[in-house]
Amino acid sequence: MAADDTSNVFEAHPMEGGDVAPTAMPRTPLCRGVVDAAKELLKKAIVETLDIDILSSSNSFKIADLGCSVGPNTFYAVENMIEAVEFKYQSQGQNSQIPEFQVLFNDHTSNDFKMLFKSFPENRRYDAAGVPGSLYSRVFPNASIHLVHCSYAIHWLSRVPKEVLDKHSPAWNKGKIHYLNARDEVGRAYEAQCVEDMECFLHARAQEIVYGGLMVLNLPDRPNGSTSSQAWPNMTFQVLGSCLMDLVRKSLSSSGLVVDINYDDPTIQYAIHQETERNKEMAAENTSKVFEAHPMKGGDGPNSYTKNSILQRASVDAAKELLNKAIAEKLDIESFLPSNSFRIADLGCSTGPNTFMAVGNILEAVESKYRSQGLNSQIPEFQVFFNDHTSNDFNMLFQSLPQNRQYYAAGVPGSFYKQVLPNASINFAYSSTAIQWLSRVPTAVADSNSPAWNKGRIHYSNAKDEVIRAYETQYSDDMESFLQARAQEIVYGGLIVLTFPGRHSDTPHSDAPPNVVLQLLGASLMDLVRKGVVSEEKVDSFNIPVYSMSPKELAAAVERNGCFSIEMVADLIGPPVDDTSSMPQLIASHIRAGMEGILKQQFGEELLDELFDLYREKCEEHIPTINTGKPVNFLVVLRRKED
């Protein structure tokens, strides 16, 4: 199965990202006007044309916005669609049948998804995901989308026609940047590219949209009978081309410049396409809880998570055989049949590459399970939802996606301590080296009037009992939220695989190696206090929201929740470390990639290098304590029980 059509080459021309001029975000009033003008027609189309009875078997109503850019217009359009679909249900007396909504925002991989996710309306009434990829290729599994929307996007061709860039071709577009007022050969080259692109576009949507689903397209166009030169979008590019040629004459630009821009023409045409050939309540954002975000260091620089996650990679590698065993023995694939797709969620994915390796291991094991049961022909398509905090570097994640991946990818922003995916939509959830992060620092440890005030320390592990109990309580509350959210999202018979650093129940918190490394970080900060580099008050008000749980504590949380059975608990045994000389630097780089964000927020950026030099030295002194040889990572497999 190929998730992307690699037979075509798609050029990416995303809108300007960010939120500072001249970005697309504050400068899209024309596009907003289109969304507003289309609202009543959109409602009419959905009320008169959408057959909700055909869609009633689905747990959620899935909307795809193709070419979404960075907002805010995409959010207005989505709200209009949801409002119209709800009205349709209400008009047929099916108020109680109104489904959950999931909206999949699609644009090129180079789109600023990070900005898009940060701009999501806080009061949105839908689960949201970002889907990177060209709208001229497949980006969703078969028969998975109920309503497709695309506004001001399909006039962009997938590429500049090759002939117009070839100086030996009759269609070479010398001296112009667009086909308007060009020779006939140029116009025909653009027309041929448009025909080819629309064939790809419609073929992809025909695979993705359910029988009876709708596709709504807003596009700049020209009335029948008018010429291209009469279209105002084309005129604007003619003027732009003239400006560029003026610069050429001033020797400020190269005369060989060709800009790959394509608009069609002037008036707004509103097209509604129904796939006639292809035959609850909202899970809104939970605003009752506050979730702190502590994403890994983004980008691909020397201190980034991408370059400093070898310890997490070791956990992924150590888990592979146990993962294969769990899927082979515990995953009941017959309970999922017949299904068009197998959906996987990686919770706390960060930016890669470890998440991609883990997903590859999961897909390999699931495919092996199908083959072992003689179900080769029923191996489904795979869709993977990569989840992390909204402030995670999803741009880096999407740009790092393996080109030869055998799955459809989507990014899901939001804390995994709440529901982030529709009810009963996930077959397999996975989380590696993530659930040790609490949703927040326990309130009491930062309160100078509380018995649990953690003065002079940044973690609970070597603190007084009141601090430890505050962390334990926060952990208990968080795991209750985590398991309740997964109980809503995972289908009956689905699995959760969790790997996490922790401690055995008979190991004191202060002796657990994951906690020791954080004690050393706190000691390094106190050294900087004594040097006068940082104030003691800054350290007193800073705590790291990480808890090293034991498998026994997790088992107790699962029992309280009651929705899962524990299928496997195992130590993760990594390869032995004979030469420990490089370990201090490895640990320092690992901790910096994970902690730099919260440290910089509290103490500023200028002290980070000095801090981690001190920290590396302390790690050198305490290597025997850190490298005990005992397992410090665990794997737990949970299975969703029927209610």
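Residues numbered from 1 in each chain as written. Predicted model: local features only at pLDDT ≥ 70, side-chain atom pairs only at ≥ 80, totals over all residues. Heavy atoms only, no water.

**Q** So what's going on with the packing of helix α11 (residues 513-530) against helix α14 (residues 583-603)? Which residues, and what values?
**A** Look at α11 against α14: their axes get within 12 Å of each other, and the N-to-C directions meet at 50°. When the axes of α11 and α14 are compared, the pair comes out oblique. For the pair α11 and α14, the crossing hand works out as right-handed. On the side of α11, the interface is formed by Val517, Leu518, Leu521 and Leu525, while α14 contributes Ile587, Ile591, Met595, Leu599 and Phe603. For the contact of α11 with α14, the per-class residue count stands at nine nonpolar, no polar and no charged. (Axes fitted to C-alpha atoms, helices over the stretch in contact; angles between N-to-C directions. Helix = DSSP H or I, 4+ residues; strand = E, 2+ residues; numbered from the N terminus. Parallel < 35°, antiparallel > 145°, perpendicular 65-115°, else oblique. Left-handed = near helix turned anticlockwise from the far one by under 90°. Contact = heavy atoms within 4.5 Å. Nonpolar A, V, L, I, M, F, W, Y, C, P; charged D, E, K, R; others polar.)

**Q** Could you give an account of the pairing of strand β13 (residues 633-640), with specific residues and numbers?
**A** Side chains on a regular strand alternate between the two faces of the sheet. In terms of burial, β13 is largely enclosed, as six of its eight residues are buried. Note: strand β11 (residues 490-501) against β13, seven bridges, orientation antiparallel. Bridged to Pro501 within β13 is Asn633. Summarising the sheet, strand β12 (residues 564-571) and β13 pair through seven bridges and their orientation is antiparallel. By the bridge assignment, Met568 is partnered in β13 with Val637. (Buried < 20%, exposed > 50% of the residue type's maximum accessible area, 1.4 Å probe, protein only. Pairing = 2+ DSSP bridges.)

**Q** Help me get a handle on the confidence of the model for the protein, residues and values and all.
**A** Here the protein shows a mean pLDDT of 83. Residues at 70 or above account for 78%. Every residue in residues 1-7 scores below 50 in pLDDT, and together they form 17 contacts with partners more than four places removed in sequence or on other chains. This stretch, residues 20-27, has a pLDDT under 50; its non-local contacts, to residues over four places away or in other chains, come to 17 contacts. (pLDDT = per-residue confidence, 0-100.)

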